Amino acid sequence: MTPADLSRTVLHAVRRAVDEDVLRAPVPARVRVERTRPGGSGDYACAVALQLAGEAGLPALEVARILRDRVAAEPGIGRVEVTGPGFLSFTLDAPADRDRAVLDAVRERGLAYGHGVAFRGEALQLHHAREVRAAVTADAVRRLLAAQGARVRVGCEEAGAEDAWARLGVRPDVYGPDVYGAGAPERIVIRPVPAGATGAELLERLGPDAARWGLLRPAAHDRAALGPDLLVQGEANPLFRVRYAYARTRALTRNAAALGFASEPEGVAPAGPPAGQGPAPHAGPGPYGEPPARPLLDLLADHPGVLLAAARHRAPDRVARQLEAVAHAFFDFHDSCPPLPMGDEKPSAAHRSRLALAEAAGTVLAGGLSLLGISAPAHL
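Residues numbered from 1 in each chain as written. Predicted model: local features only at pLDDT ≥ 70, side-chain atom pairs only at ≥ 80, totals over all residues. Heavy atoms only, no water.

## Re the overall build of the protein
Logical step 1: For the protein, the count of helices and strands is eleven helices and seven strands.
Logical step 2: Residue pairs in contact within the protein that sit at least 24 positions apart in sequence constitute 74% of those at least 6 positions apart.
Logical step 3: Of the roughly 17400 Å² of accessible surface on the protein, a fraction of 52% belongs to carbon and sulfur atoms. (Helix = DSSP H or I, 4+ residues; strand = E, 2+ residues; numbered from the N terminus. Contact = heavy atoms within 4.5 Å. Areas by Shrake-Rupley, 256 points an atom, 1.4 Å probe, with all protein chains shown as cover.)

What follows is the structure, given as structure tokens:
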């Protein structure tokens, strides 16, 4: 169960309690679930009972107990506790089960892993100045909101757009005044610190991918660093590191195929060795039991929540930082637990499951780059 799954589970429990007339309060549009802070209880915590207590006319502790009984019976939930003034603390099923569920979700959803429905039915209009950083940021925010189910249009305060914007990935067909006509929702203004350069200048110096990363990676209130460091082909350049991590995951898949094996999530029994050969030696425990895998698995599980927060706060820089963290964790895992056999080793169950984790990391990196409008090359 991912954090996004848990949030939906809690929201479903609220709806059930309201439908059963046990809880008399409006059902919130969304429920926020966060990782438990140091010293806390369980894996995740939620303050929805405190949020609902006033309108329900009940103490927060009682609201929490009502929801606890309904959440505890859901699949994937190991234990639910009521802590403090009315927080719900969740302990999920065994880590290996959670990890397998995350990898299964990444495999099933592909590049859409982490997309959701939090903004389904909402029609939004973004508005920005005729300035390249504002245009690129608005475009990335549009992508993030659309990935959460919203219908989004983008308007510029001046008619016409730079020709370079289209080459930077900004969709020209979404521009125009009053795209919703009468009764249009209030405009959401996208106003980052200006770039101090035109789109044409950035394209000439950096190209579209490095320019978009340089414009989107800093928070909106920070000045964008748009120097030649963005083109450095080395690990000191975060964009190169993210894209190289993705390219490395693709190379692992190609090399594994050349060695005659493919990825399998831990717990799936791979096909046996060819006739006449003995069993392949095992390369050690699968990735879920290997400590270097834990940070990477946790980041993959958190990815849907990061995308939702980035959409909600109109902050594509959160996605960029998430991708940097995934790339860093991937390389730590890759270097400590090689997904490919070395020397005289034969492919084993551990190699197959390590490869599955590496491929999941690659999928998340490619999907995140796509939401930022940046390409993910399979070869670097």
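## Structural notes on the nonpolar core
Logical step 1: Counting residues in each nonpolar core, the largest one holds 79 residues, and the members touching the most others are Leu145, Trp213, Leu296 and Leu300.
Logical step 2: Looking at which element gives the most residues to this core, the answer is helix α11 (residues 349-371), with ten residues.
Logical step 3: With residues near it in sequence (within four places) discarded, Leu300 still touches Val102, Leu103, Tyr113, Val326, Leu357, Ala360, Ala361 and Val364.
Logical step 4: Formed by 28 residues, the second largest nonpolar core is a distinct cluster that contains Ala49, Ala56, Val80 and Phe90. (Core = buried A, V, L, I, M, F, W, Y, C linked by side-chain atoms within 4.5 Å. Buried < 20%, exposed > 50% of the residue type's maximum accessible area, 1.4 Å probe, protein only.)

## Description of unusual backbone geometry
Logical step 1: At Asp21, a residue that is not glycine, the phi angle is positive and equals roughly 65°.
Logical step 2: Locating Asp21 in the fold gives a position in the loop between α1 (3-19) and β1 (34-35).

## Remarks on the sheet that holds strand β7 (residues 188-190)
Logical step 1: On the basis of which strands lie adjacent, the open sheet formed by three strands has the order β6-β5-β7 and parallel pairing. Two strands close off the open sheet at either side, each with one partner strand: β6 (151-156) and β7. Looking at each pair of strands side by side, their axes are set apart by 30° on average, direction ignored.
Logical step 2: With three bridges joining them, strand β5 (residues 123-128) and β7 adopt parallel strand pairing. Residue pairing in the sheet places Leu126 in a bridge with Ile188 of β7. (Pairing = 2+ DSSP bridges. Axes fitted to C-alpha atoms, helices over the stretch in contact; angles between N-to-C directions.)

## Things to note about the pairing of β5
Logical step 1: The buried fraction of β5 amounts to five of the six residues, a majority that puts the element mostly inside the structure.
Logical step 2: Crossover connection from β5 via helix α5 (residues 132-147) to parallel β6: handedness right-handed. (Right-handed = clockwise from strand over helix to strand, strands pointing away.)

## What to know about the sheet that holds strand β3 (residues 77-83)
Logical step 1: If you walk across this open sheet you meet the four strands as β1-β2-β4-β3, and the pairing is antiparallel. Of all the strands in the sheet, the pair left with one neighbour each is β1 and β3.
Logical step 2: As defined by bridge partners, strand β2 (residues 44-46) adjoins strand β4 (residues 87-92) across three bridges and the pair is classed as antiparallel. Residue pairing for β4: Cys46 is matched across the bridge by Leu88.

## Observations regarding the environment of Ser263
Logical step 1: With respect to the element layout, Ser263 can be found in the loop between α8 (238-258) and α9 (293-312).
Logical step 2: Relative accessible area serves as the criterion here: at 9%, Ser263 is assigned to the buried category.
Logical step 3: Residues Ser263 and Thr253 lie ten residues apart in sequence; the distance between their C-alpha atoms is 7.9 Å.
Logical step 4: Setting aside residues no more than four positions away along its own chain, Ser263 makes contact with Arg107, Arg352, Leu355, Ala356 and Glu359.
Logical step 5: A polar side-chain atom of Ser263 sits 2.4 Å from a polar atom in the side chain of Arg107.
Logical step 6: Of note is the side chain of Ser263, whose polar atom sits 2.6 Å from the side chain of Glu359. (Polar contact = N/O pair within 3.5 Å; in protein donor to acceptor, adjacent residues only side chain to side chain.)

## Re the pairing of β4
Logical step 1: Of all six residues making up β4, five are buried, and the element is well covered by its neighbours.
Logical step 2: The pairing of β3 with β4 spans six bridges and is classified as antiparallel. The residue bridging Arg79 from the neighbouring strand is Thr91, located in β4.
Logical step 3: Hairpin geometry of β3 and β4 is characterised by an intervening segment of three residues between the two adjacent antiparallel strands and by a positive phi of about 60° at Gly84.

## Details of the environment of Arg312
Logical step 1: Along the polypeptide, Arg312 turns up in helix α9.
Logical step 2: The class of Arg312 is partly exposed, set by a relative accessible area of 27%.
Logical step 3: Note: C-alpha distance between Arg312 and Leu145 (167 residues apart in sequence) is 7.6 Å.
Logical step 4: Contacts of Arg312, omitting those with residues within four sequence positions, involve Arg30 and Phe119.

## Digging into the packing of α5 against helix α7 (residues 199-216)
Logical step 1: At a closest axis distance of 11 Å, the pairing of α5 and α7 adopts a crossing angle of 40°. On the basis of their axis angle, the class for α5 and α7 is oblique. As α5 packs across α7, the resulting crossing turns out to be right-handed. Seen from α5, the contacting residues are Val132, Arg133, Val136, Thr137, Asp139, Ala140 and Arg143; seen from α7, they are Gly199, Leu202, Arg212, Leu215 and Leu216. (Parallel < 35°, antiparallel > 145°, perpendicular 65-115°, else oblique. Left-handed = near helix turned anticlockwise from the far one by under 90°.)

## Some remarks on the packing of aromatic side chains
The description of two aromatic rings rests on the distance between their centres and on the angle between their planes.
Logical step 1: Under the definition given, this model contains three aromatic pairs.
Logical step 2: Judged by centre distance (5.7 Å) and plane angle (20°), the ring pair of Tyr244 and Phe331 falls under stacked. Pair noted here: Tyr244 is in helix α8 and Phe331 is in helix α10 (residues 316-336), with a separation of 87 residues, a long-range link.
Logical step 3: A network of ring pairs unites the aromatic residues Phe240, Tyr244, Phe330 and Phe331 as a single cluster.
Logical step 4: Its end group placed over the ring of Phe119, Arg30 keeps NZ or CZ at 4.9 Å from the ring centre. (Phe/Tyr/Trp six-rings, centres within 6.5 Å; stacked < 30°, edge-to-face > 60°. Lys NZ or Arg CZ within 6 Å of the ring centre and 35° of its normal.)

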